[in-house]
Amino acid sequence: MISNWLNRSSMFFLLAFTFSLPAFGYVFEDDEPEITDRVARISSIDGDVQIRRKDNVDWENAVLNLPVIEGDVISAGKGSRFEIQLNSKNYVRISENSIITLTTLQDSGIALSLQQGTALIRLNEIDRDREFFEIDAPRTTIALQLKGQYFIEAGSISEEVRVAVYNDGEARVYSESSGFTLRSGRSARMFIGGANVGEWDIADASRFDVAFFDWSEERDNLIARRLQNAHYDKYYDRDIYGADELNDYGNWTYDRSYGYVWRPAARSISYYDDWSPYRYGQWRWLPSYGWTWVNDEPWGWATYHHGRWIWTNGGWYWAPYGYYRNRRSWWRPALVVLGVYNNNVCWYPLPYNYSYYNYNRHYNSRNRRDRNQQNPGPVATNPTPTPVPGGTVTLEERYRGRMVPSASIPEKGVVAVSVEEFGKRKMGQRLDSPTSAKEILSKIPNSADSPPILPSFEEVRKRTDVGIVTARQRPVVGPSTVRTGAATRTADAPLDKELERTRIFGSRPPLNQSPRETPGINPSVNTERTMPRMGAVSRPTEKRGDGTDSTPIIIPLPPPREPQRNTPPNRVEQPKYEAPRRTEAPKYEPPPRRTDTPRYEPPPPRTESPKYEPPPQKSEPPPRSDPPPQKSEPSKPSEPSGKKDG
C-alpha cells in the first residue's frame, strides 16, 4: 500500500512542481470554496478533554485551537473543562464529567446536545430573525431567546434537569409534555423521571457551581478586554474571529504594499527553536474538509486559517487578507502550498499574490457535500485596509501579477515531514538540502492541476503509536445512547416554534389581539358587541345538546346616531345651553389685629410657707395616790312585805 501511495505521490510531484503555466490558460477557482461548513474552535482547555468525530469511532485527544464541526462529540473528564468559541462574541463552556454533541452548526442556527454534565453559555449577540440557538438535555429542550448567560445541568444519574438564566437573558424551556418561559434571575428544575415526571419547580437563580462560575467570569473579563481593544471592521472583518487575541502577542503596523499587518513579538516565539509559520503543530483530519493544520502557538487560530504570511523586512508578518479578496473571509483548513518531494510531504506559506490552493481537492471531490445554499454565511462588512493592494482584476492581470514563490518565500520557509510521520508528528523539519527547497520554490503551483494524493485518514489511523488517538478510550456515547431533546430534531432546523405550538398552546392558535383593538368590540362588525376574549388560545367550537354550535354571546348594540343636519323649517330650536355664572368665592379677611398689648404684670411675691411645728406631745397622766376602790359585795334583796312567819 505504501509503494502504491509513493507512486501516486511521484506522479503528483511531476504534475504539481514541474507544471509549465501557459499565458492565458490558468484556471482560477471560484471565490466561494467547495466546502463551506461552519467551523468553531476549542479556545480554552484544561485537563483531559477528548473528541470523537462523526465519521470515526476512536476518541482523539483534544488540544487548544482544535477545529470542531457539526457532528463532533466532546467529553471532559474528571477535573477538566474547556471552552468552544462559536464566533467573535459567543462561547460555550463545559465543566468536568460532561459530554456534549454539536448537533447543528450552521450560520442559520446552532443546536447542542448535552448528554450529561454542566454547560455555561455566554451569548453576547444573537439575532432571532436570522438564527436560532437551542440546547437539548435529557428529554428537555431549551431555546435561547436573548443575549445573556445560561446555565444547564444534566446529571448522568439524577432524574432532573436544571436551567438558570442570568444577565437579562430569556429562554423557553420545553419538556415532553409542557413548556414555559424562563426569564433572567430565575431557575427551573425539571423532573424527567420518577413520580414527579413532567413537573417543574421555579426559584431564584443562584451560582450552583461556584468554581465553574468563577472560571467563566475570568474568561468573560479576558474576552471583554480583548474585544475592547480589537480591530474588527477596521483591520479585519468579524469572520476572522480570534484575531482579537493578537494584541497580546504582537504588534500591528502599516505597510505600503500590504496594508495593516501583524508581527508576533519576540517573546511570543522565543519558546520555539528557529520559528517559522506552519512548522510547530500537527496535521489533523477534519471531516468534510480533509487534512487541517492545528497550530501549537496559543495565538495562531486566525493567522493559520485566514490571510497570508509574508516575509518582508527580515521577518514574518501576517496580513488578514491576500491579494485576491473574496466576498467574505472563508475559513480554510490551511493556507499553504503542499506537495510530495523525495518521500517527504513538503509545504510552505501560500504567497500573498496567490489565490487559495486547495490541496484537499482530491478528497473534497469524492466527499463533497453541497451545503452552500444551506450555509451561505453571515453578511460580513468586509472592510478594506488602506491601500488596497489588489482589487478587481482580470485573469490576465492576475497571471501577470503572480510571482515565483522563491521571490517572496525564504528557503527556510519550506517545512517537511516524512510520509510515515505525516498526520503523526507534531513538529515539521527543515529540508536537509537547500537545493531541494530552491527547487520547490522555483515552481509556480497550480491548483487547477491534479491535487496531491495525500495519505487517507484510514491509512494514518492504522499506524501504531499515532499520538493523536487517545490510549484511554471512553465509552461511545451520543444522542443515540442518551435520549435528549423534548422532540425528535430535524437536521438544520429549530424546534422552538413547533414546541411552542404543541407544548404551550396545545396545537391551538394563540389569541393575537391587536393592541389597538378595544376589548369587547368586534372591529369587523360595527353593530355587535361580543364578550371579551377569554383564555390563552382559541377553543374549538363545541356542539350543544340541541345540536347547535356554542358561539360567543352577542349583545346587539343600539342603532347608531345619525349625524345632525341643518335644522328643518318649523322646528323648534332647543335653547342653547348656558353655563351657570360663576360667583366669586368670598375673600378671606383675617380678624382685626389687636393693637393694645396687655401689660405684663408680675405675679405677687411668694410668701414663705409656715415652718412645720410638730404637735405638742401628750402629757402623762398624774400618778394616782389613792388605792383603787375595792369591789363591794352586792346587797341582798329585802324580804317582800307582808310575808307571814311560819
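Residues numbered from 1 in each chain as written. Predicted model: local features only at pLDDT ≥ 70, side-chain atom pairs only at ≥ 80, totals over all residues. Heavy atoms only, no water.

Bringing the overall build of the protein chain into the picture now. Along the protein chain, the regular secondary structure elements total nine helices and 29 strands. Counting across all 646 residues of the protein chain, residues that qualify as buried make up 45%. Contacts in the protein chain between residues at least 24 apart in sequence constitute 65% of all its contacts with a sequence separation of at least 6. Summing over all exposed atoms, the protein chain offers an accessible surface of approximately 37600 Å²; the carbon and sulfur share of this is 50%. (Helix = DSSP H or I, 4+ residues; strand = E, 2+ residues; numbered from the N terminus. Buried < 20%, exposed > 50% of the residue type's maximum accessible area, 1.4 Å probe, protein only. Contact = heavy atoms within 4.5 Å. Areas by Shrake-Rupley, 256 points an atom, 1.4 Å probe, with all protein chains shown as cover.)

Geometrically, a pair of aromatic rings is defined through the distance of the ring centres and the angle of the planes. Tallied over the entire structure, the rule returns 34 aromatic pairs. Between the aromatic rings of Trp311 and Trp316, the centroid separation amounts to 5.3 Å while the plane-to-plane angle is 70°, which identifies the pairing as edge-to-face. Given a relative accessible area of 5%, Trp316 falls into the buried group. Above the face of the Trp59 ring, Arg52 is positioned so that its terminal group lies 5.7 Å from the ring centre. (Phe/Tyr/Trp six-rings, centres within 6.5 Å; stacked < 30°, edge-to-face > 60°. Lys NZ or Arg CZ within 6 Å of the ring centre and 35° of its normal.)

Attention shifts here to the nonpolar core. Counting 62 residues, the largest nonpolar core has Trp283, Trp347 and Tyr359 as the members making the most contacts within it. Counting residues in each nonpolar core, the second largest holds 42 residues, with Val49, Ile94, Ile110 and Ala171 among its members. (Core = buried A, V, L, I, M, F, W, Y, C linked by side-chain atoms within 4.5 Å.)

Read across the sheet, four strands follow the order β24-β25-β26-β27 without closing on themselves; strand pairing throughout is antiparallel. Of all strands in the sheet, those with a lone pairing partner are β24 (336-341) and β27 (429-430), marking the two edges. Relative to β27, strand β26 (residues 415-418) is paired through two bridges, and the arrangement is antiparallel. Following the sheet pairing, Val415 is matched in β27 by Arg430. (Pairing = 2+ DSSP bridges.)

Our focus in this paragraph is helix α2 (residues 210-228). Here α2 contains 19 residues, and its C-alpha end-to-end distance of 27 Å stays within 8% of the 27 Å for a straight helix at 1.5 Å per residue. Those residues of α2 that sit buried are Phe212, Phe213, Trp215, Ser216, Arg219, Asp220, Ile223 and Arg226. Down the axis, α2 shows its buried residues gathered within 160° of arc, on one side only. The exposed residues of α2 that point more than 90 degrees off its buried face are Ala211, Glu218 and Gln228. (Expected span 1.5 Å × (residues − 1). Arc of directions from axis to C-beta.)

Mapped onto the secondary structure, Thr292 falls in strand β21 (residues 290-295). Side-chain polar atoms of Thr292 contact the backbone oxygen of Gly290, separated by 3.2 Å. Contact partners of Thr292, with chain neighbours within four places excluded, come to Pro67, Gln282, Trp283, Arg284, Leu286, His305, Trp331, Pro333 and Tyr359. (Polar contact = N/O pair within 3.5 Å; in protein donor to acceptor, adjacent residues only side chain to side chain.)

Tracing the chain through its elements places Asn124 in the loop between β9 (109-123) and β10 (132-137). On the basis of relative accessible area, Asn124 is assigned to the partly exposed category, the value being 32%. For Asn124 and Gln149, which are 25 residues apart along the polypeptide, the C-alpha to C-alpha distance reads 8.5 Å. With sequence-adjacent residues up to four places away left out, Asn124 is seen in contact with Lys89, Asn90 and Lys147. Polar side-chain contacts of Asn124 include one of 2.9 Å to the backbone oxygen of Lys89.

Turning to the pattern of salt bridges, a few remarks are in order. Applying the stated criterion across every chain, the model contains 28 salt bridges. Salt-bridge contacts for Asp496 lead to Arg172; the nearest nitrogen and oxygen are separated by 2.8 Å. Placement of Asp496 in helix α9 (residues 496-504) and of Arg172 in strand β14 (residues 170-174) is noted, with a sequence separation of 324 residues between them. Each member of the pair, Asp496 as well as Arg172, carries the same accessibility label: buried. Among the salt bridges present, the one from Asp248 reaches Arg226, with a minimum N-O distance of 3.1 Å. Here Arg226 lies in helix α2 and Asp248 lies in the loop between α2 and β18 (250-255), a separation of 22 residues in the sequence. Accessibility expressed as a relative area gives 23% for Asp248, which makes it partly exposed. We classify Arg226 as buried; its relative accessible area is 11%. Here the salt bridges share partners, and the residues they tie into one network are Arg41, Arg225, Arg226, Glu245 and Asp248. (Salt bridge = Lys/Arg side-chain N within 4 Å of Asp/Glu carboxyl O.)

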